[in-house]
Amino acid sequence: KHVDSTAAPYFDEKSRQCLEKLAVFKAFTVDMAEDVLNEEELAVFRHILKFCSYITLDGKNIYRIDEMFKGYAENRLRQRNEGEYLKIQEMAGKSCEKRRMYKEALELYHKCGNRELLAHLIIAMTERSDGTDFPRECRDYLSDFTDKDFRNNAALLCARIMIESYALHLEESNRLLEILR
């Protein structure tokens, strides 16, 4: 309510809609904004950057929306149009994945409930095995899937086995190997 009465009146409807879409990102670049905004909204975005104190430049061309305003804008989009909110989260997830921001992409796919893209990314991350962070980043999202999902998708089951092995959950990993066989 505070933001609604103090900050929101300074933005026209087009500006609010633009900020609502960008609020699904934790942080974003201009390229990422281009992935979720249409041409008209991009023009509005460029204008907003000139005067809006709620968006700050944080390092190498990375923008962040003030947490309070971000929460307000994201909730407003969700309340206004749940379907559009989920679609924007999916688009933002794809934008993050394209830029190898996998942790953010996983979170966005989880939030929008797109288990297909979530499974695809978990599988891709385990196939790449980039560093040691991927098992921890993926493990939290394994609960989005049922045992039936794992049985019906051998690649997802293999990814889970690998993640459990990396986490040194050897009993669980061995149990899952038996299912795979």
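Per chain, residues are indexed from 1 in the order of the written sequence. Selection of residues for local features in this predicted model requires a pLDDT of at least 70, selection of side-chain atom pairs for listing and counting requires 80 or more, and totals for whole chains, interfaces and linings are taken over all residues. No hydrogens and no water enter the side-chain calculation; it runs on all heavy atoms of the structure.

Caption draft 1: Fine view of the packing of aromatic side chains. Two rings from Phe, Tyr or Trp (for Trp, the six-membered ring) form a pair when their centres sit within 6.5 Å of each other. Planes less than 30 degrees apart are called stacked, planes more than 60 degrees apart edge-to-face, and all others tilted. Enumeration over the complete set of coordinates arrives at seven aromatic pairs. Between the aromatic rings of Phe 28 and Phe 45, the centroid separation amounts to 6.0 Å while the plane-to-plane angle is 55 degrees, which identifies the pairing as tilted. Residue Phe 28 is found in the loop between α2 (13–22) and α3 (30–36), and its partner Phe 45 is found in helix α4 (residues 39–51); the two are separated by 17 residues along the sequence. Phe 45 shares its class with Phe 28; the two are buried. Between Phe 45 and Tyr 63, the aromatic rings sit 6.3 Å apart at their centres with planes inclined by 80 degrees, giving edge-to-face as the arrangement. Here Tyr 63 lies in strand β2 (residues 63–65) and Phe 45 lies in helix α4, a separation of 18 residues in the sequence. Comparing Phe 45 with Tyr 63 shows no difference in burial state: the two are buried. Among the aromatic residues, ring-to-ring pairing joins Phe 25, Phe 28, Phe 45 and Tyr 63 into one connected group. Two limits define a charge over a ring: the Lys NZ or Arg CZ must be within 6 Å of the ring centre, and within 35 degrees of the ring normal. Here the guanidinium or amino end of Arg 160 rests over the ring plane of Phe 150, the centre of that ring lying 4.7 Å away. Helix numbers and strand numbers start at the N terminus; a helix is a DSSP run of H or I with at least 4 residues, a strand a run of E with at least 2. The classification of residues rests on relative accessible area computed with a 1.4 Å probe and restricted to protein chains. Under 20% of the type maximum is buried, over 50% is exposed, and intermediate values are partly exposed.

Caption draft 2: Here's a closer look at the environment of Glu 39. Looking at where Glu 39 falls in the secondary structure, it is placed in helix α4. Note on Glu 39: relative accessible area 65%, which makes it exposed. Residues Glu 39 and Glu 67 lie 28 residues apart in sequence; the distance between their C-alpha atoms is 26 Å.

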